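For reference, the chains in residue letters:
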Amino acid sequence: MIRIILCEGKTDAILLSYYLGRTKGWEYDNHPKYFKLQFPETDNRFVGHYKNGSEKLSICAVGGKDNFINFFKENLEEYIKDSESLDLNYKLAIVIDRDDRTTREIEQYLSENLKPCIDQITDGVWTSNSFVNNFGQEAIIEKLCLIIPHENQGALENLLMDALSEEPYKKNLINKSQTFVDEIAPEASEIILTERLKLKTKLGVSLAVLYPEKVFSLIDEQLKSVHWEDSIILKETFSQLILI
């Protein structure tokens, strides 16, 4: 079975690989024998390959919230349609930030643009459909859309700060870190140019306060230092994703 997760950026991909590794035993695969994509180091697109026994998984950072369709069409659609195999089964999960969009808007956008491989994709639920590949074979694809956060506006950074806030002591520090960023953002307008950057700054400041020994580490290293697998919020959020 071919298993693929699409997410927005490199940091998302690193977090998901860490979480799935800690909770389900997925390990980095140094020598993948399936599709290989390479992007420049400066690119926000990324593909990591993982294994769990004989099972294989690819986690793809598509390079931004508006690039899911382009990435799928340019890099994955023909690969899926050209796969001639005795096991024509696929699993595809899309982890996407809600931002200020409704669930229906995101579901409709993905469903309309991922045809013919996907006919309908639903938030939080695995569904399946068949399609005919380039060899005239009928293939089955299971697919999941995971919109983050599930109910409120925001992005993955909101979810992570909620997970960090499960302990009252840490919640107080994170609330004050967010207030600090809100207060300084107008003075740092040439640096914190957008609301999205403000959100990333809030997460960065929160991590720096909670884990000062990691303050000079890259954000990926900081994320890996947190035991996200212990979070109740993340367990609930990723309950369907871990079934990939």
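Above: the structure in question.
Thresholds, definitions, all that
What you see as residue numbers is a count from 1 along each chain, following the sequence as written. Reporting of local features is limited, given that this is a predicted model, to residues whose pLDDT is at least 70; pairs of side-chain atoms are given and counted only at 80 or more, and all residues count toward the totals for whole chains, interfaces and linings. In computing side-chain properties, one takes all heavy atoms of the structure into account and sets aside hydrogens as well as water. Cavity: a set of points on a 1 Å grid over the protein atoms alone where a 1.4 Å probe fits but cannot get out. Pocket: an open set with protein on both sides within 12 Å along at least five of seven lines, its lining residues, like those of a cavity, having an atom within 4 Å of a point. Grid points are joined across faces, edges and corners, and a volume is the space filled by probe spheres set on the points. Every helix listed is a DSSP run of H or I at least four residues long, and every strand listed is a run of E at least two residues long, numbered separately from the N terminus. When residue character is reported, Ala, Val, Leu, Ile, Met, Phe, Trp, Tyr, Cys and Pro are called nonpolar, Asp, Glu, Lys and Arg charged, and the others, Gly included, polar. Helix axes are fitted to C-alpha atoms over the stretch in contact, other axes to C-alpha atoms as well, and angles between N-to-C directions run from 0 to 180 degrees. Angles are sorted into four bins: roughly parallel if under 35 degrees, roughly antiparallel if over 145, roughly perpendicular if 65 to 115, and oblique for all others. By definition, any crossing whose near helix is turned counterclockwise from its far helix by less than a right angle is left-handed, and any crossing with a clockwise turn is right-handed. Whether two residues are in contact is decided by their heavy atoms: any pair within 4.5 Å suffices. The classification of residues rests on relative accessible area computed with a 1.4 Å probe and restricted to protein chains. Under 20% of the type maximum is buried, over 50% is exposed, and intermediate values are partly exposed. N or O atoms within 3.5 Å of each other form a polar contact, as long as, within protein, one can give a hydrogen and the other can take it, and as long as residues adjacent in sequence are counted only when both atoms are side-chain atoms. Here the expected length of a helix is defined as 1.5 Å per residue gap, with one fewer gap than residues. For this quantity, the arc is that covered by the directions from the helix axis to the C-beta atoms.

### What to know about the layout of surface pockets
Okay, step 1: Quantified by volume, the largest pocket comes out at close to 420 Å³.
Okay, step 2: If you go around the largest pocket, you meet 18 residues; those closest to its centre are Tyr-28, Leu-37, Gln-38, Phe-46 and Val-47.
Okay, step 3: Elements represented by at least two residues in the lining of the largest pocket include exactly helix H1 (10–24) and strand S3 (45–52).
Okay, step 4: Counting residues per element, the lining of the largest pocket draws most heavily on S3, at four residues.
Okay, step 5: Looking at the lining of the largest pocket residue by residue, the classes come out as eight nonpolar, three polar and seven charged.
Okay, step 6: In this model, the second largest pocket occupies a volume close to 350 Å³.
Okay, step 7: Around the second largest pocket sit 16 residues that line it, and Pro-149, His-150, Glu-151, Leu-159 and Thr-237 are the ones nearest its centre.
Okay, step 8: Along the lines of polarity and charge, the residues of the lining of the second largest pocket split into five nonpolar, eight polar and three charged.

### Description of the packing of helix H4 (residues 156–164) against helix H6 (residues 195–210)
Okay, step 1: Running from N to C, H4 and H6 cross one another at 25°; their axes reach a closest spacing of 9 Å. Our classification of the angle between H4 and H6 gives roughly parallel. Handedness of the crossing formed by H4 with H6: left-handed. For the pair formed by H4 and H6, the contact residues are Glu-157, Asn-158, Leu-160, Met-161 and Leu-164 on the first element and Arg-196, Leu-199, Lys-200, Lys-202, Leu-203, Ser-206, Leu-207 and Leu-210 on the second.
Okay, step 2: Partitioned by chemical class, the residues of the contact of H4 with H6 number seven nonpolar, two polar and four charged.

### Here we look at unusual backbone geometry
Okay, step 1: Note that the residue after Lys-115, namely Pro-116, is joined by a cis bond; omega there is 10°.
Okay, step 2: Here Pro-116 is to be found in the loop between helix H3 (103–113) and strand S6 (127–132).
Okay, step 3: Non-glycine residue Asp-99 carries a positive phi angle of around 55°.
Okay, step 4: Positionally, Asp-99 belongs in the loop between strand S5 (89–97) and H3.
Okay, step 5: With a relative accessible area of 17%, Asp-99 lands in the buried category.

### Focus: the environment of Ser-111
Okay, step 1: Tracing the sequence through the fold places Ser-111 in helix H3.
Okay, step 2: Using a relative accessible area of 4% as the deciding quantity, one classes Ser-111 as buried.
Okay, step 3: C-alpha separation for the pair Ser-111 and Cys-145, spaced 34 residues apart in sequence, amounts to 10.0 Å.
Okay, step 4: Ignoring anything within four residues of it in the chain, the contact list for Ser-111 reads Ile-118, Asp-119, Gln-120 and Ile-121.
Okay, step 5: Within the local environment of Ser-111, its side chain forms a polar contact with the backbone oxygen of Glu-107, the two atoms lying 2.8 Å apart.

### Section: helix H5 (residues 168–184)
For an α-helix the count is 3.6 residues per turn, leaving residues at separations of three or four pointing the same way.
Okay, step 1: Taking 1.5 Å of rise per residue, the 17 residues of H5 would be expected to cover 24 Å, and the 25 Å separating its terminal C-alpha atoms lies within 8% of that figure.
Okay, step 2: Those residues of H5 that fall on the buried side of the exposure criterion are Lys-170, Ile-174, Ser-177 and Val-181. Angular distribution of buried residues about the axis of H5 spans 60°; they occupy a single face of the element. Opposite the buried face of H5, by more than 90 degrees, sit the exposed residues Pro-168, Tyr-169, Lys-176 and Glu-183.
Okay, step 3: Packing partners of the buried residues in H5 comprise H4 and H6.

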